[in-house]
Amino acid sequence: MGLGSLASRALRSSSSSRVLSTNPRYNLIRTIVSTPELHKPEAAAESASEPDLPKRTPVAGARVHFPNPDDVIEVFVDGYPVKIPKGMTVLQACSVAGVDIPRFCYHDRLSIAGNCRMCLVEVEKSPKPVASCAMPALPGMKIKTDTPIAKKAREGVMEFLLMNHPLDCPICDQGGECDLQDQSMAFGSDRGRFTETKRSVVDKNLGPLVKTVMTRCIQCTRCVRFASEIAGVQDLGMLGRGSGEEIGTYVEKLMTSELSGNVIDICPVGALTSKPFAFKARNWELKGTETIDVTDAVGSNIRIDSRGPEVMRIVPRLNEDINEEWISDKTRFCYDGLKRQRLSDPMIRGADGHFKPVSWRDALAVVAEVVHQVKPEEIVGVAGKLSDAESMISLKDFLNRMGSNNIWCEGNEKNQDADLRSSYLMNTTISGLEKADCFLLIGTQPRVEAAMVNARIRKTVRATHAKVGYIGPPTDFNYAHDHLGTTPETLTAIAAGTHPFSATLAAAKNPAIIVGAGVFSRKDNSAIFSLLNSLPSKFKNLITPEWNGLNTLLLNAAQAAALDLGLVPQSDSLDSAKFVYLMGADDTNLDTLPKDAFVVYQGHHGDKGVYRANVIFPSTVFSEKEGTYENTEGCVQQTVPAVPTVGDAREDWKIIRALSEVCGVRLPYDSIGGVRSRIRNVAPNLLRVDEREAAVFSGLFGGGGGKVSAVPFGVTVENFYMTDAITRASKIMAQCSALLTKK
Amino acid sequence: MLARLASKRLLEIRQAFHQSPQTVRSLSTALNYHIDTPDNNSKAPWEFNEANKPKVSEILSHYPSNYKQSAVIPLLDLAQQQHGGWLPVSAMDAVAKVVEVAPIRVYEVATFYSMFNRQKVGKYHLLVCGTTPCMIRGSRDIEDALLNHLGVKRNEVTKDGLFSVGEMECMGCCVNAPMITVADYSNGSEGYTYNYYEDVTPKRVVEIVEALKRGEKPPRGTQNPDRINCGPAGGNTTLLGEPKPPPCRDLDAC
Ligand code: SF4
Ligand code: FES
Ligand code: FES
């Protein structure tokens, strides 16, 4: 008796022990062992009659949602009955039953292709194994996933797949997280029978982000389906046929999608890998930290993979409500910006105009001295795009104690209404957009402002053919839309009912209006807001008890929390400022600042803000600190430190806390917990992490009326790849902007 | 010196064995990606000509207006005939525009079917069947004979622009294997014909080529004088008389 059959015996005898069998991977474990005696029919019969089956847990927490209670059917997976809604495939039924079916081409979020045949299972009364991903489950179906027939079928498929697959795992970046590698451990043979020449395929140039080694491709077409279905770029295709089949663009073309990096994740083998990450690290050397992204206002869930003090790569994390399982290229590839142009020491600008590194003590003392020499109303504080809630509340408390209330967050404006959360949040929620049947986008280009929100809109438009109207400058969309106009006057016409789109909007059951945050900075913003305020009374479905279709799409990660914390300036001009505290604010226009004003720049990158600074306080980036962020829909999330800080840098709130003490106005908190209890008094919702607190009142924008101007809406994000200090420092993003942005 | 001698000897031995010197796998279709050339690039304008425009609308009328893409194969065929037997990338783009899909979707179709030539072909495009039955009956020799005689490589056009040689998969003529097909574009898309020459020999294909060069149209079909159509060579060998009934047909006798 061979070792394999011994092992399988041991495993089989333990199958009745509940301890082992509650583990859903248990089935996989058993199939790894080659069991020649199981190929005999008696053995199959024996294993089929296993007594009292243990309860299993669905794979990866698969949720079953019954849209219609009448449409429930029951199927049996390895003898274990499961209830599933009609229309599910056999593969989905198996995952509900806790059986993970091996697969290459099937992906939950893509259409079904059924071309890899790895998911073969045995179905009772069917003459041959069926491809479970493409086979709808029928009532009473008896599915067998671990019989000798299924195993043999999969082994055959695996042998064919490996026939033309190069044996280059040792130099392949996918090694260690490769589906083919993993599954060949379970179904592969230790040698091949193929003695002909292996196929080789010319590599394609898809741009600076995706590296291709096309010989490794197993033709699952996931990337083709992703590009055309999710990303909405019809570039990739399956060319040729038979063994000459290959993935490509035919005419050489870069992949110009803001979501292109996701093909790296969905490619089950190493055919599409990350170009910046190529040959940098092996995935088992990496430490994963589950955190969130701050480069836009979506707050995509990410995992930062680091090795020692270095961030090696960023990959998405599943969050059905926010980013599903995709992230934008900016989120994924901005990480090299975390290491470049970092400020590591406190510095003071000397008389010669050069910065000199000094100790924290000296730097704080200099600032404390200056701040006491200016009048309170000459003190201004600006929080940058990437600030977390903790640092913003500290800055506000500090400046308030110094007697000034001139503090705001980049992107927000003076006459903004911070009292009504509904006026600056995405009230429909990002996942809620999927229920909308009509969109009106006002002055916003979601594709560059919030790529993940755009992906949702595209998903909705694809699924339900929802109408999209757009008011703003001509721009790129990856779904069908009507360009209604470029100025707010079009909005006036829609509100007045004289525009053809009014009828569409009125007929819609769940209309969603999305206003871009770029509108905040317009002169006529209050007029536009009062116009928006008047919409719910005209379009009755816009706000109902179940639906709130009036949304604002914010631009920056800090914006929502800043408004929740009340960072609204009394006056937002810098003309008379004498002391300016820039907390990571790089996009504030300092041209009107008087020459003799003293500028403190507290930030992590030597970016635009540094040019005018007199003193620099180095702080930490989102991958190095614990911070609270609120995304555009009002969902509060926290970053988790993944790597240590650079040099002498400190967390933002700590710097301000230290400065306040030196200035003699000590802030009453010494720990992050202390800051958070302070936040509890101002905006308690910011402490409910991973929860979305809906706005209490719906649909009330601030705004004092007036007449809208004829000035066209502007473009808010000029370059998708470079929007903040981190992305501007990134080499990869610079390459992308050079190669991929439309000129 | 010695090393060079040794390696030379090794080469000789290897050649003597002549196992499979083929290092590149021969594929029936041309490259699966496009390389810009002066006569084949996406900038060159391409349109269906006036004579073919009514045909385009005729083809489109066969399909529901929301399934226009179904017309892609007949339209590609039409475009190929119009363009002298091959499809430049701009012609595929033009078809994509007509059927309202992204160009890549048309490229996918055109690369799939080896009857769509994506490289320039001669007026007479000679397609050698390379599938198993023909291969067993010597199609490799047929191809070699053609290539040698014309002095070209596969998918290359002769200097005079008359001939090119390609490979095709089984054309359903295996009874008379080996066979070649001549796609004849010499009379434009009106007089376009597609002729099978079956039972060919390396000698016979050269004769066919020469005849074509002279402007003759050699009779198509089997080239074996002993054979009528696809019947057995030398006359029928079976079913010569009335077939005997099965032994148990007479039920009463059983
Ligand atoms: S490149 Fe990757 S994702 Fe695309 S078909 Fe090949 S194996 Fe599948
Ligand atoms: S996963 Fe079912 S055929 Fe590929
Ligand atoms: S194999 Fe040549 S025609 Fe069938």
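Residues numbered from 1 in each chain as written. Chains lettered and ligands numbered in written order. Predicted model: local features only at pLDDT ≥ 70, side-chain atom pairs only at ≥ 80, totals over all residues. Heavy atoms only, no water.

Points about the overall build of chain A
Helix and strand counts for chain A stand at 22 helices and 29 strands. In terms of overall size, chain A behaves like a compact globule, its C-alpha atoms giving a radius of gyration of 29 Å where 743 residues would be expected to give roughly 27 Å. In terms of overall dimensions, chain A has C-alpha extents of about 90 × 65 × 55 Å along its principal axes. The proportion of buried residues among the 743 residues of chain A is 59%. For chain A, restricting intrachain contacts to residue pairs at least 6 apart in sequence, the fraction spanning at least 24 positions comes to 70%. Just so you have it, chain A exposes about 29,800 Å², and 54% of that area is on carbon and sulfur atoms. (Helix = DSSP H or I, 4+ residues; strand = E, 2+ residues; numbered from the N terminus. Rg over C-alpha atoms; globule rule 2.2 N^0.38 Å. Buried < 20%, exposed > 50% of the residue type's maximum accessible area, 1.4 Å probe, protein only. Contact = heavy atoms within 4.5 Å. Areas by Shrake-Rupley, 256 points an atom, 1.4 Å probe, with all protein chains shown as cover.)

Some remarks on the site of ligand 1
Near ligand 1 there are 13 residues, and of these A:C217, A:C220, A:T221, A:C223 and A:C267 occur at the shortest range. Its residues assigned to classes, the shell around ligand 1 shows 10 nonpolar, 2 polar and 1 charged. (Near = heavy atom within 4 Å. Nonpolar A, V, L, I, M, F, W, Y, C, P; charged D, E, K, R; others polar.)

Details of the sheet that holds strand β2 (residues 80-85) of chain A
Residues and elements named next belong to chain A. Strand order in this open sheet of 5 strands is β2-β1-β5-β3-β4, and the pairing throughout is mixed. Edge positions in the sheet fall to β2 and β4 (130-131), since each of these pairs with one other strand and no more. Strand direction decides the pairing type here: strand β1 (residues 72-77) and strand β5 (residues 142-144), joined by 2 bridges, are parallel. Bridging from a neighbouring strand, F76 pairs with K142 of β5. Strands in contact with helix α6 (residues 148-163) are β3 (120-123) and β5; relative to β3, the strand with the most contacts, it is inclined by about 155°. (Pairing = 2+ DSSP bridges. Axes fitted to C-alpha atoms, helices over the stretch in contact; angles between N-to-C directions.)

So, the nonpolar core
Residue and element names in this part refer to chain A. Counting 121 residues, the largest nonpolar core has V75, F226, F439, V453 and I457 as its most contacted members. Setting aside anything within four residues of it in sequence, one finds V75 in contact with Y80, P81, V82, I84, A93, A137, L138, G140, M141 and I143. L364, A389, A562 and L659 belong to the second largest nonpolar core, which has 45 residues in total. (Core = buried A, V, L, I, M, F, W, Y, C linked by side-chain atoms within 4.5 Å.)

Structural notes on the domain arrangement of chain A
Partitioning chain A into domains gives domain 1 (1-54), domain 2 (59-163), domain 3 (347-416 + 559-692) and domain 4 (427-553). When each unit is reduced to the centre of its C-alpha atoms, the spacing between domain 2 of chain A and domain 4 of chain A is 40 Å. (Domains from an automatic or database assignment.)

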